[in-house]
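Geometric and topological summary
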Amino acid sequence: MTRISGKYLAKRIVVSYLTLLVIMSLLFVLLRSMPGSFITSMISSGMTNEQIQQIRETWGLNEPLWRQYIDFMINYQTGNFGRSPTYNAPVADLMIRRMPRTLVLFGATFLIGFIIGPLVGMYLGWWRGSKKDKSIFSTSLLLYSMPSFWISWLFIWVFNYELGWLPSAYMFTQFPEFQWTAFTVMRDVLYHIALPIMSLTFIGWVGSMLIMRPTMNQVTDEGYVFLAHAKGLSERTVMIKHAARNALIPVATGAVVGLAFLIDGSIIIENVFNWPGMGQIIVTSVLNRDFPVAQATFFLLAVLVVIMRLVTDVVYTYLDPRIKFGEGE
Amino acid sequence: MSDNQSGSTRRRFLQGTGVAAVSASLAGCSGNGDGDGTETSGDDEDTPTPDQTPTEAQDDADDIPTGGIFNFGMGTNPNTLNALSSSSAYVGVITDRIYESGAAIDPVNFEMHPNVFTDWESEVLDETGDNGQSNVEIYFNVRTDGLTWNDGEEFTVSDVIFSYNYLLEQNPGGYAASLSPIVSVEEDDGDWDCVMTLNQPNGTFAYDQFGLPILPEHRWSDVDDYTTYEPADTDFGPVGLGPGVVTQWDPDTSVEVSFAEREGEYNLSELSWREEVPGVIAGGPFIDAMRIRVYSSQSALHQALFQGDIDSLYEGVRTSRISDAQEDENINLLDGFDTGYGHYSFNLRNTPLDDLPFRQVLGFAFDDVLWTQQLQRGYAQEGDFVMPPGYTAVRPETGSDQELLDGPSTQAFSFRQSSPSVPDVENIRAFLTEGQVITGEGGTYVGQDYPGSLTGVTASQTEPKHDYSFGPVESDVLQESDQDPDQEIRVNGETIPEINDGPLTMLMSPAQEAPQSAQMIQDWISSLQQIGIPIDREVVSFNTRVTRAYGEESYDAFSMGWVNLSPFATNTLYSLFHSDNADDHSVAETEGDDENTSTLLNNAMGYGVFDDAGADDLIDEARTTLEPEARNQASREAVERIYLDFPTMVVDYGVPKWPVSAEWSGALENIPGPGSTYLGTQIMQIHQSE
């Protein structure tokens, strides 16, 4: 049974679309407010004014700003992200190449973090005040205060530098001496992704645990939990099926925020682990004033968050049957 | 900026460490060589001295072990294989192994040698072009015997004609300076294969025009717009005459250039001149392949080096890790020279920076010992001329009896101190109030003897332009200064803030990006404030600094650096100090615009725009003199004129330390840019240690 009306969903999609238009406009303004122009790197001493004008013409910089804005908005909505002057390649190609790498790393981290965190939060919230709760909670707070890059360096030092067990860079073995097959690809990615995932999830689960624990504690006092106990259901069933399911709603909201933070963290983590994804390209494109790439990366990340927000609305209705979006419309 | 192993004159962007991390915005710019602020032990003995000579070559190339894969690390990815569309030095690491040019330079004597072109001859014509200069015809022969493209196609003279005409038609920005004098390149009717016509005499044509890459006609003739062409997307990859073939290409992480693929096909390394240059080994490359691994940070790059994942890295070891590298028995550190310099530059359009004695006083306040010995821990040499010490032929000391870098004529603007690290405030003030100026004549200035210029040139300005005096402190910046100066300078009776609507400002990087540089600038500003000169810092990002200095000329002083300068000086001097390359952004280039925002020329100081500060005559003479010694002499005079005119204060020359795994031998030491500018030479002769 659907709990979101078609009209409501359509309205949410329109709002999401308008949100993206606003984000695109902001990106256009903010990136052009940065000092310098990306064609600076293409201009060299000895060039005639005509040559420089030609470069400006090629990159559309001789057009008035409003014209550039309209072109930008139209192009983006038709999937034309332009061409990177730094990489001498269509921006879309770069995105297609790099986005999956980021999704693999942070998708896996996100999933693991949002499985471990709520599970631990459920347990601690259910047994709040116990010795285990106190010790695990204080330890997790300590972890939460540690910067992710520092933890990453620590893990690199231990598992790569000292023990030599795991690689600290790249997604695949460079210049492999084995044949690429589906199995070797999988094995190689797991081998390379282990250390970044360990580093990220070492502290990444704490955020969702911190949301789950108090919520879980709150629902233990709810009438439906008492009723479940009164029915004679097992402690485990009451905790998981009746209490935890309802406590998950704020966690789902937190997941969207968490995703945004993960993307934010990707800029640091991808650079620490030499992971050739979006985080790296964000840094280099901003530093090189490669506006087409910078715009596209920020835009795609915004799209990801907006879509996740939309998905969360749908997930809400399944987590809590009481929630029905657009019922009165 | 001029460059390099292939004799190319293209300008190279270098994304180095510290403040240079984002220097891709302006060709050849680097930062001031800051490390990362970590303590290291300084060791003066590690500083190469100019009399060191390159390492000797092995006697017989046949005895050199061949094979093996040389793993090379870079902190920035090579984003394309299109040599025309990119000015990145990191792209050059690959494309320079693929493309060859007409002539080659050796990094020991800086002489041009035959390469794809076997011999050449130039003739100055009677006719003159639009620029009033005599046209020049250069006749040259092309080596076709035994040369093939790396895709197996036959190389012909037609490829050369095509290459030049394609470049002239497309005019890629990175080669603009070399292409602009070329009028035509055609097949010669007489005894020579080709004839190139230039619109002016150019004594360094073998470096500038013969350094352009030769392109295969069968690959590029269908490319209508070079900017959208990506050789990596083609069936073979980039096609050239060089020893390499790109066999793996993932620009984000790894690239492999194979030399084994061309075994027996590449013979340019066997040319006889290679056997005659000390230290250079003929017959290479001796390695099977060069594998380039890309790291996202300098830390990861250095970690990979110390773990043995890579055999060497681009440029050199950062200052903070030199001691680690010295202690590592698996790593050999090769000394080298800087190919550029770090500088503070001044805007000659602004009062009182338009006056020579005032600019010279800015030099008296710079504590070079603090900078080079304490903050840079001995891994930098004191700066003086706008040519680094490795390029001796065009430095003014050459031909004099004064020592390189240490002669008294190179110390004219050194720190004047009354006690260690304390500026000689009273005598510096007196220098201004008494109307003194160092013009190139010998004398005693602020308590220090100056024997006179080395080449006999004098400064463009011989008398002070303004009247200087000192009076009560009125400027806010001085009243709030910790230095607590007792007097403030007056320029023609006015304070500087009254003239400029504020104190002078120095554009600098954030301290977290370049801690030593920030500390040095703070010390310099403090010294100037003690003297009574109202000056303050303005912390801006690298990109903002580039825009403010080169794009808008909206600055008083800024710090920056140059790399990959030409060993022949002429193009460098023209590019950085000629009035042709000084913008005036207050005048619109395009009708209807309020101001000019489109040009971004290298002479941000405006040097040469004014009658009393310029070396155009000497630079032009150097550029158009064909005879090498006369050309070098004109260059030396131009360099010293610039030194005396002081539009730029050269603060240091870096001392690169290039690491190479002990498993490899044959690399040249004590050359400029051993792991960067002349990396091509190194790759051609590196081989496995026995």
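Residues numbered from 1 in each chain as written. Chains lettered and ligands numbered in written order. Predicted model: local features only at pLDDT ≥ 70, side-chain atom pairs only at ≥ 80, totals over all residues. Heavy atoms only, no water.

Moving on: the pairing of strand 26 (residues 657–661) of chain B. Residue and element names in this part refer to chain B. Most of strand 26 is tucked away: 5 of the 5 residues are buried. Here strand 26 shows two buried faces, one formed by Lys657, Pro659 and Ser661 and the other by Trp658 and Val660. Two elements, strand 13 (residues 331–337) and strand 26, share 5 bridges in a ladder whose sense is antiparallel. Across the sheet, the residue bridging to Asn332 is Val660, located in strand 26. (Buried < 20%, exposed > 50% of the residue type's maximum accessible area, 1.4 Å probe, protein only. Helix = DSSP H or I, 4+ residues; strand = E, 2+ residues; numbered from the N terminus. Pairing = 2+ DSSP bridges.)

On to the sheet that holds strand 6 (residues 134–142) of chain B. Residue and element names in this part refer to chain B. With antiparallel pairing, 4 strands are arranged side by side in an open sheet as 5-6-8-7. In the strand order of this sheet, the two ends are held by strand 5 (117–128) and strand 7 (182–187), each with one partner. Within the sheet, the average angular offset between the axes of one strand and its neighbour, ignoring direction, is 20 degrees. The pairing of strand 7 with strand 8 (residues 194–198) spans 5 bridges and is classified as antiparallel. Opposite Glu187, over in strand 8, you have Cys194 as the bridge partner. Contacts from helix 2 (residues 157–170) reach strand 5, strand 6, strand 7 and strand 8, with the element oriented near 160 degrees to strand 7. (Axes fitted to C-alpha atoms, helices over the stretch in contact; angles between N-to-C directions. Contact = heavy atoms within 4.5 Å.)

With that settled, the discussion passes to the packing of helix 16 (residues 570–577) of chain B against helix 17 (residues 616–624) of chain B. Residue and element names in this part refer to chain B. Two elements in contact, helix 16 and helix 17, have axes separated by 9 Å at closest approach and are oriented at 150 degrees. Of the possible angle classes, the one that applies to helix 16 and helix 17 is roughly antiparallel. Between helix 16 and helix 17 lies a crossing whose hand is left-handed. Mapping the contact onto sequence places Thr570, Asn571, Leu573, Tyr574 and Phe577 in helix 16 and Asp616, Ile619, Ala622 and Arg623 in helix 17. (Parallel < 35°, antiparallel > 145°, perpendicular 65-115°, else oblique. Left-handed = near helix turned anticlockwise from the far one by under 90°.)

Residues and elements named next belong to chain B. Of all 5 residues making up strand 10 (residues 254–258), 5 are buried, and the element is well covered by its neighbours. Neither face of strand 10 is left uncovered, since the one carrying Ser254, Glu256 and Ser258 and the one carrying Val255 and Val257 both have all their residues buried. What sits between strand 9 (residues 245–250) and strand 10 in their antiparallel hairpin is a turn of 3 residues. As paired elements, strand 10 and strand 11 (residues 289–294) share 5 bridges and run antiparallel to each other. Residue pairing for strand 11: Ser258 is matched across the bridge by Ala289.

All chains considered together, the criterion is met by 22 salt bridges over all chains. Note that Arg101 of chain A is salt-bridged to Asp252 of chain B, the shortest N-O span being 2.7 Å. A residue pair is termed interchain when its members come from two chains, as with Arg101 of chain A in helix 4 (residues 91–126) and Asp252 of chain B in the loop between strand 9 and strand 10. Judged by its relative accessible area of 11%, Arg101 of chain A is buried. Here Arg395 of chain B ties to Asp384 of chain B by a salt bridge, and the two come within 2.8 Å at their closest N and O atoms. Of the two residues, Arg395 of chain B sits in the loop between strand 15 (380–382) and strand 16 (417–419) while Asp384 of chain B sits in the loop between strand 15 and strand 16, which places them 11 residues apart along the sequence. Taking relative accessible area as the criterion, Asp384 of chain B reaches 6% and is therefore assigned buried. Connected through shared salt-bridge partners, Arg97, Arg98 and Arg101 of chain A together with Asp250 and Asp252 of chain B make up one network. (Salt bridge = Lys/Arg side-chain N within 4 Å of Asp/Glu carboxyl O.)

All names here are of chain B. For Arg631, the location among the structural elements is in helix 18 (residues 628–645). Of the side chains with opposite charge, Glu627 comes closest to the buried, unpaired Arg631, at an N-O distance of 7.8 Å. Other than its neighbours up to four places away in sequence, Arg631 contacts Gly203, Thr204, Phe568, Thr570, Ala622, Thr625 and Leu626. (Lys, Arg positive; Asp, Glu negative; His and termini not counted.)

Bringing the packing of aromatic side chains into the picture now. Enumeration according to the criterion identifies 43 aromatic pairs over all chains in this entry. Pairing Trp220 of chain B with Tyr229 of chain B gives two aromatic rings, centres 4.7 Å apart and planes at 70 degrees, and the pair type is edge-to-face. We classify Trp220 of chain B as buried; its relative accessible area is 1%. Its relative accessible area of 14% is what places Tyr229 of chain B among the buried residues. Connected via pairs of aromatic rings, a cluster forms that spans Tyr344, Phe346, Phe366, Phe385, Phe413, Trp524, Tyr643 and Phe646 of chain B. For Arg213 of chain A, the ring lying beneath its charged end belongs to Phe137 of chain A, and the centroid distance is 3.8 Å. Over the face of the ring belonging to Phe470 of chain B we find Arg429 of chain B, whose NZ or CZ atom lies 5.2 Å from the ring centre. (Phe/Tyr/Trp six-rings, centres within 6.5 Å; stacked < 30°, edge-to-face > 60°. Lys NZ or Arg CZ within 6 Å of the ring centre and 35° of its normal.)

The next subject is the confidence of the model for chain B. In the predicted model, chain B carries a mean pLDDT of 86, and 89% of its residues have values of at least 70. Within the model, the stretch residues 1–52 of chain B combines pLDDT values under 50 with 213 contacts to residues more than four positions away or in other chains. (pLDDT = per-residue confidence, 0-100.)

Moving on to the nonpolar core. If you look at the biggest cluster of nonpolar residues, it comprises 168 residues, and the most contacted ones within it are Phe72, Phe210, Trp220, Tyr344, Phe346, Trp524 and Phe577 of chain B. The contacts of Phe577 of chain B, once residues within four sequence positions are left out, are Tyr341, Val386, Thr572, Asn603, Met605, Tyr607, Asp616, Ile619, Ile642, Pro647 and Thr648 of chain B. Membership of the second largest hydrophobic core comes to 27 residues, among which are Leu31, Phe72, Met73 and Phe291 of chain A. (Core = buried A, V, L, I, M, F, W, Y, C linked by side-chain atoms within 4.5 Å.)

Attention shifts here to the packing of helix 10 (residues 368–375) of chain B against helix 14 (residues 515–531) of chain B. All names here are of chain B. For the pair helix 10 and helix 14, interaxial distance at closest approach is 10 Å and the crossing angle is 155 degrees. What the angle tells us is that helix 10 and helix 14 run roughly antiparallel. Crossing angle aside, the handedness with which helix 10 passes helix 14 is right-handed. Within the contact between the two elements, helix 10 uses Leu370, Trp371 and Leu375 and helix 14 uses Gln516, Ser517, Gln519, Met520 and Asp523.

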